[in-house]
Amino acid sequence: MNLYEIRLVLGGTAMVFAVITSFLIRSKKDISVGVLQLLVISSFINEIVATTYAYKIGNSNIVYGFYSPIELFLISLYFNYSIDGFSRKRLGVIIGSVCLVIGYVNYFIIQSPKQLNNFYLLFESIVVVSFSLYSFYRMLLADDSLILTKYPHFWFTTILFFFWTSTLFLWGTYGYLTKNAGIANNILLNVLLFVNIIYYLGYGFVFLRYKKMKMNNG
C-alpha cells in the first residue's frame, strides 16, 4: 500500500464514521442538522468520484472544483437555519446562491476545471470563517440558559471554523508553496489529511452526542 492509498484509507474511514453517525439523528424540527447530514453525505460521494477520476485520468481537480460551490451553498444553507435571524430574511440562501454563481464563473472562466481551484477555496474559507464568527457572536447574545458546551450548533460551528481557518493560509499560498518555496507536496497533503480527519471525526462525535445535547438545552 503506497502513501496515497494510506491517505485514502485514513481519510475515508473518518468520512464513513461521520456518514454512519449522521443517520442516527432523526430531527424533523432542526432543518440545519439535516443540511449538515446532506453536506457530509455529498462530500463522501464527491470523494469517491474524485478518487475514481484520479485513478482513471490522473486529475481529480475537475471533480473537486465542480463540488466546491455546492459545498459552500450547503454550508450557507446550514447557517441560514442555525443563526438567529438569518432564516427570516433568507440571508444564508441569498449569500449561498451568490457564492454558487461566483464559484462556477471561477470554475469555467477564471480558472481551468483541470487546475486546483485555490482562488475559490480561499474565498470559501473567508466566507465560512465569517459565518462562523457571526454565529458565535449570536450565540453569546442568546439567553443565559443556553449551555454552549452542550449546544450541538456550537460544536458544529467550531468544527467548520477549525477546518476553514486551518486551510485558509494553505489555499491562499498553495501555488507558491508547491512551486516556488520548494515545500514538498506530500507535506501539504499530510496536513490536509490531518485536518480532514479531525473535521469528520468531529462531526461524528457530535452526531453521536446530538440527542443528549438537545436534552440538556431543552
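Quantities reported herein were computed from a predicted structural model and do not represent experimental measurements.

1. Structural notes on the pattern of salt bridges
- Counted according to the given criterion, the structure contains 1 salt bridge.
- A salt bridge links Arg138 to Asp84; its shortest N-O distance comes to 2.8 Å. One end of the pair, Arg138, is in helix α6 (residues 118–140); the other, Asp84, is in the loop between α3 (61–82) and α4 (86–89), with 54 residues separating them in the sequence.

2. A word on unusual backbone geometry
- In the Ramachandran plot, Arg90 falls in the positive-phi region, its phi being about 55° despite a non-glycine side chain.
- Mapped onto the fold, Arg90 is located in the loop between α4 and α5 (91–110).

3. Here we look at the packing of aromatic side chains
- Following the criterion strictly, the structure yields 24 aromatic pairs and no others.
- An angle of 15° between the planes, with centres 5.1 Å apart, marks the rings of Phe79 and Phe131 as stacked. A residue pair is termed long-range when its members are at least 10 positions apart, and Phe79 in helix α3 and Phe131 in helix α6 qualify at 52 residues. No difference in accessibility class separates Phe79 from Phe131, as the two residues are buried.

4. Quick notes on the side chain of Ser22
- Among the structural elements, Ser22 can be located in helix α1 (residues 3–22).
- Not counting the four nearest positions on each side in its chain, Ser22 is found in contact with Gln37, Ile41 and Phe207.

5. Section: helix α2 (residues 31–56)
- Taking 1.5 Å per residue as the helical rise, α2 with its 26 residues ought to reach 38 Å, and the 37 Å between its terminal C-alpha atoms agrees with that figure.
- Burial in α2 covers these residues: Ser32, Val33, Val35, Leu36, Gln37, Leu39, Val40, Ser42, Ser43, Asn46, Ala50 and Thr51.
- Taken from the residues just after α2, Gly58 is the one with a positive phi, measuring 75°.

6. A word on the nonpolar core
- Ranked by internal contacts, the top residues of the largest apolar core, which has 44 residues, are Leu39, Phe156, Leu160, Trp164, Tyr199 and Tyr203.
- Counting only elements with at least two residues in this core, the list comes to α1, α2, α3, α5, α6, α7 (152–179) and α8 (185–216).
- Top contributing element to this core by residue count: α8, with 10 residues.
- If we skip the residues at most four places from it in the chain, Leu160 touches Ile75, Tyr78, Phe79, Val128, Ser132, Tyr199 and Tyr203.

Parameters and conventions
Residues numbered from 1 in each chain as written. Predicted model: local features only at pLDDT ≥ 70, side-chain atom pairs only at ≥ 80, totals over all residues. Heavy atoms only, no water. Salt bridge = Lys/Arg side-chain N within 4 Å of Asp/Glu carboxyl O. Helix = DSSP H or I, 4+ residues; strand = E, 2+ residues; numbered from the N terminus. Phe/Tyr/Trp six-rings, centres within 6.5 Å; stacked < 30°, edge-to-face > 60°. Buried < 20%, exposed > 50% of the residue type's maximum accessible area, 1.4 Å probe, protein only. Contact = heavy atoms within 4.5 Å. Expected span 1.5 Å × (residues − 1). Core = buried A, V, L, I, M, F, W, Y, C linked by side-chain atoms within 4.5 Å.

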